[in-house]
Amino acid sequence: MKMDTAERGDIASLVAARRSLRASLDKSLALSAALARAGPRLDEIQQRLPSLEASVRPIRAHRDALAAVGGHIDRAVSPAAAVLKLFDAIHGLERPLLYDPDADLPGYLSVLKRLEEALRFLSDNCGLAVQWLDDIVDYLDDHSVADPRFLSTLKTSLAALKTSSSPLDGGLLDAALDKLEAEFRRLLSDHSTPLPMPSSAAGDIANGGGAVIAPAPLPVPVIHKLLAILERMIANNRLDRCVAAYVDVRSSNVRASLRALDLDYLEVTPVEFDDVQSIESNIDRWGSHLEFAVKHLFEAEYQLCTEVFERAGPPDVWAACFAEIAAQAGILAFLRFGKTVAEAKKDPIKLLKLLDIFNSLNKLRLDFNRLFGGKACVEIQNLTRDLIKRVIDGACEIFWELVVQVELQRQTPPPSDGAVPRLVGFITDYCNKLLGEDYCPVLTQVLIIHRSWKQEKFQERLLTDAILNIIKALEANFETWSKGYEDTTLSYLFMMNTHWHFYKHLKGTKLGELLGDAWLREHEQYKEYYAAIFLRESWGKLPSLLSREGLILFSGGRATARDLVKRRLKAFNETFDELYQKQSNWVISDKDLREKTCHLVVQAIVPVYRSYMQNYGPLVEQDASASKYAKYTAQTLEKMLTSLFHHKPGKSASFRVRHSNGKVNSVMASQFRSASTVM
């Protein structure tokens with residue numbers, strides 16, 4: 001069947017429409033694929049749009065604002081650029097400042113000074129640069145010519161710069177100063193050496209002799225280096241660190257020098273010794289050691305402190321430095337030892353030691369005032385004043401109580417052997433020392449000071465009158481003691497001993513001069529008087545027992561004569577034995593007096609006995625009991641009599657010394673014991 005033309009036209013249109021629709025569908029598919037591929041790019045563009053907007057915003061700003069902002073930015077950035085340039089310069093100083101300064105101290109100090117100058121510039125300008133930047137940020141914010149988020153970040157950074165406490169140099173200056181401080185200590189340590197004292201030096205110093213040993217001063221170049229270091233440390237407020245290092249090194253050096261003197265005794269406490277006598281030798285050493293320490297060690301430290309720190313600031317800097325060295329090195333230990341002695345139990349020996357301490361301090365008075373007179377040495381001053389007061393008060397108290405102590409001895413029994421009590425020898429020797437050149441001026445000065453404290457005037461004869469009263473009290477003791485013997489003959493021997501001791505041992509002494517020749521002669525006469533009574537009342541009775549009455553010409557017959565001789569020899573022997581046995585325990589202290597007394601006894605008895613035996617001995621020698629009557633030969637008697645009155649070791653009584661308050665105390669120790677005084 002044939003289609004007509006109209007039908008053929010409709011079919012063609014449908015085909016064309018189909019083709020058009022397919023083409024459109026293909027294009028849609030292609031566009032969809034293209035859009036899918038363009039999606040990520042669009043997202044990226046979306047993300048970039050804010051920054052593009054911020055970049056484009058100034059273009060949208062007013063033309064006048066855009067023209068003005070350039071100048072503001074240039075003015076703000078220029079100081080910041082200079083600061084950044086200086087930071088770069090500081091970074092360049094880091095390497096030389098991290099090396100030790102000992103190799104080239106001047107070069108190190110020069111670099112450090114440049115760092116200080118750079119940091120001062122930074123300190124002065126960094127804040128200004130930050131302020132300029134802060135101002136331009138505010139300007140940009142006010143005129144909306146920058147992204148707010150960008151400006152917020154800038155403001156946060158600038159605020160952090162303003163409040164930052166970190167050092168501008170990152171701690172480089174502190175590190176360099178630490179190295180300088182270490183170099184300061186090293187220079188001191190390397191050139192501070194203890195005194196090279198030989199082994200005998202300590203003994204020489206203690207005895208007040210020997211060559212003067214002075215510490216070696218620091219070399220001048222070393223002092224110059226120390227001063228150069230101090231200049232930089234002071235500029236950076238580190239003087240206190242240098243002072244601490246100096247005190248540590250130099251006080252250790254002085255302590256090392258003092259250790260060679262064996263000063264362990266300075267640490268003694270009152271509970272570690274019974275009385276002053278137990279540490280008497282240490283007290284003697286103390287004065288010499290203190291003088292050596294003050295005049296040589298501390299004097300040298302004083303001078304060195306002045307050289308090193310005098311230009312470091314006000315005078316109290318070096319004065320405080322020296323005061324700390326003296327305190328740490330041991331001056332306080334010396335003063336505390338003196339206080340320990342002053343607080344010990346009272347006894348006469350302590351008086352002499354207190355006077356020694358006062359004399360040592362008085363000789364060093366000018367040195368103490370010069371070295372320790374400043375405000376920084378207030379602790380040393382207080383301890384010294386306290387020690388002097390304790391010494392003066394203690395010395396005066398003991399001195400004025402001496403006469404009371406002597407009077408209290410009357411309550412004690414006399415020596416059982418009739419010897420001179422050791423108290424007598426002690427007191428006379430003691431008073432001679434107080435009147436001697438070593439102690440009299442010192443004691444006088446102590447008494448003057450003590451009376452001035454009480455607003456009392458010192459009398460010239462105050463000291464001598466007090467000593468005379470002591471001797472008078474001792475004389476009064478003689479009479480009391482002599483009455484304490486049951487055997488009156490022994491009391492005569494005792495009085496002979498003591499009076500002779502006074503005469504012989506005071507003649508030609510200071511005390512003897514004070515008492516006078518008439519006083520001495522009086523004691524000599526007393527000695528002669530008691531010696532005569534002693535001989536008469538004891539050995540002088542023996543010769544009368546050898547009477548010749550009834551024996552002349554044997555008037556009664558030979559047997560009668562023999563009986564008379566026997567009775568008389570028996571009586572003689574019994575009396576002799578009794579006297580000899582009793583007086584063998586008696587003592588005549590002085591050798592010359594003992595020999596003279598024995599000689600007088602021998603002369604009184606032996607010639608009479610010899611003559612008697614020559615004449616009448618034959619009457620009994622033939623008797624069976626001859627040895628009973630002719631008991632001794634003349635030579636035997638002489639030997640026995642010359643052996644009398646010698647000191648017997650170990651036989652002694654003890655004087656106990658009482659304070660005026662009645663409490664017993666061994667204040668005079670062994671010197672107050674009444675054992676025989678052996679000459």
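Residues numbered from 1 in each chain as written. Predicted model: local features only at pLDDT ≥ 70, side-chain atom pairs only at ≥ 80, totals over all residues. Heavy atoms only, no water.

The protein is annotated in an unreviewed UniProt entry as Exocyst subunit Exo70 family protein of Cocos nucifera. A UniProt comment under Sequence similarities (unreviewed entry) is attached to the protein, and it reads "Belongs to the EXO70 family." Turning to the protein, the UniProt record has this under Function (unreviewed entry): "Component of the exocyst complex." (UniProt positions renumbered as here; feature names shortened; annotations may be inferred.)

(A) The arrangement of the overall build of the protein in detail. What the protein contains, in helices and strands, is 24 helices and 0 strands. Burial statistics for the protein: of 679 residues in total, 43% are counted as buried. If you take every contact in the protein between residues at least 6 apart in sequence, the share linking residues at least 24 apart comes to 82%. Within the structure as shown, the protein displays about 36100 Å² of accessible surface, and the carbon and sulfur contribution to it stands at 53%. (Helix = DSSP H or I, 4+ residues; strand = E, 2+ residues; numbered from the N terminus. Buried < 20%, exposed > 50% of the residue type's maximum accessible area, 1.4 Å probe, protein only. Contact = heavy atoms within 4.5 Å. Areas by Shrake-Rupley, 256 points an atom, 1.4 Å probe, with all protein chains shown as cover.)

(B) Structural context of helix α5 (residues 172-190). In this model, α5 (19 residues) spans 27 Å end to end at C-alpha, consistent with the 27 Å of a helix rising 1.5 Å per residue. Among all positions in α5, only L172, L173, A176, L177, L180, E181, E183, F184, L187 and L188 are buried. (Expected span 1.5 Å × (residues − 1).)

(C) Structural context of the side chain of N477. Secondary-structure assignment places N477 in helix α17 (residues 462-482). A polar contact is formed between the side chain of N477 and the backbone oxygen of V406, at a distance of 2.8 Å. With near-sequence residues (within four places) excluded, N477 lies in contact with V406, E407, Q409 and R410. (Polar contact = N/O pair within 3.5 Å; in protein donor to acceptor, adjacent residues only side chain to side chain.)

(D) Highlighting unusual backbone geometry. Positioned with a positive phi, Q455 is a non-glycine residue whose angle comes to about 60°. Of note, Q455 is situated in the loop between α16 (440-453) and α17. Exposure remark for Q455: the relative accessible area of 74% places this residue in the exposed category. Within the chain, F645 stands out as a residue other than glycine whose phi angle is a positive 70°. Of note, F645 is situated in the segment after α24 (634-642).

(E) Focus on the side chain of T509. In this fold, T509 is placed in the loop between α18 (488-506) and α19 (510-515). You can call T509 buried: its relative accessible area is 19%. In terms of polar contacts, T509 uses its side chain to reach the side chain of N432, at 3.3 Å. A polar atom in the side chain of T509 sits 2.6 Å from the backbone oxygen of L506.

(F) Up close: helix α21 (residues 558-583). A rise of 1.5 Å per residue sets the reference length of α21, with its 26 residues, at 38 Å; its end C-alpha atoms lie 37 Å apart and thus fit the reference within 8%. Buried within α21 we find A561, L564, V565, K566, R568, L569, F572, N573, F576, L579 and Q583. Buried residues belonging to α21 abut α18, α20 (517-537), α22 (591-621), α23 (626-629) and α24.

(G) Summary view of the packing of α5 against helix α8 (residues 239-259). Relative to each other, α5 and α8 sit at 25°, their axes nearing to 10 Å. It follows from the interaxial angle that α5 and α8 lie roughly parallel. Remark: the crossing between α5 and α8 carries right-handed chirality. For the pair formed by α5 and α8, the contact residues are D178, E181, F184, R185, L188 and S189 on the first element and R241, C242, A245, Y246, D248, V249 and R250 on the second. Each residue belonging to the contact of α5 with α8 can be placed in one class, and the counts come to 6 nonpolar, 1 polar and 6 charged. (Axes fitted to C-alpha atoms, helices over the stretch in contact; angles between N-to-C directions. Parallel < 35°, antiparallel > 145°, perpendicular 65-115°, else oblique. Left-handed = near helix turned anticlockwise from the far one by under 90°. Nonpolar A, V, L, I, M, F, W, Y, C, P; charged D, E, K, R; others polar.)

(H) Region of interest: the pattern of salt bridges. Taken as a whole and assessed by the stated rule, the structure comprises 33 salt bridges. R336 is the salt-bridge partner of E379, the closest N and O atoms lying 4.0 Å from each other. Here E379 is found in helix α14 (residues 378-408), whereas its partner R336 is found in helix α11 (residues 331-342), with 43 residues between them in sequence. Look at E379 and you get partly exposed, because its relative accessible area is 43%. Its salt-bridge partner being K582, residue D487 comes within 3.0 Å of it at the nearest N-O pair. On the criterion of sequence distance, the pair formed by D487 in the loop between α17 and α18 and K582 in helix α21 is long-range, its members being 95 residues apart. Connected through salt bridges with shared partners, the residues D174, D178, E181, R238 and R241 form a single ionic network. (Salt bridge = Lys/Arg side-chain N within 4 Å of Asp/Glu carboxyl O.)

(I) Here's a closer look at the packing of aromatic side chains. For the coordinates displayed, the defined rule picks out 26 aromatic pairs. When the centroid spacing of 5.3 Å and the interplanar angle of 80° are considered together, the rings of Y265 and F337 count as edge-to-face. Note that Y265 is positioned in the loop between α8 and α9 (280-309) and F337 in helix α11, a separation of 72 residues in sequence. The class of F337 is buried, set by a relative accessible area of 0%. On the basis of an interplanar angle of 50° and a centroid distance of 6.5 Å, the ring pair of F534 and W586 is categorised as tilted. With F534 in helix α20 and W586 in the loop between α21 and α22, the pair connects residues that are 52 residues apart, well separated along the chain. Of the two residues, F534 and W586, neither departs from the other in class, the shared state being buried. Sitting above the plane of the W500 ring, K527 keeps its charged end 4.5 Å from the centroid. (Phe/Tyr/Trp six-rings, centres within 6.5 Å; stacked < 30°, edge-to-face > 60°. Lys NZ or Arg CZ within 6 Å of the ring centre and 35° of its normal.)

(J) Representation of the nonpolar core in the model. Core analysis: the largest hydrophobic core is formed by 169 residues, its most contacted members being F309 and W539. Top element by residues in this core is α9. It accounts for 13 residues. (Core = buried A, V, L, I, M, F, W, Y, C linked by side-chain atoms within 4.5 Å.)

(K) The state of the cysteines, seen in detail. Summed over the entire model, instances satisfying the criterion amount to 0 disulfides. C321 provides the cysteine sulfur closest to C305, a residue in no disulfide bond, and the two sulfurs are 3.8 Å apart. (Disulfide = S-S within 2.5 Å.)

(L) Inspection of the environment of H646 at higher detail. Along the chain, H646 turns up in the segment after α24. When the C-alpha positions of H646 and S589 are compared, they lie 7.6 Å apart, and in sequence the two are 57 residues distant. Not counting chain neighbours up to four residues away, the residues in contact with H646 comprise W586, V587 and R594.

(M) Structural context of the environment of P618. Residue placement: P618 occurs in helix α22. Overall, P618 belongs to the partly exposed group, its relative accessible area being 38%. Along the primary structure P618 and A630 are separated by 12 residues, whereas in three dimensions their C-alpha atoms are 9.5 Å apart.

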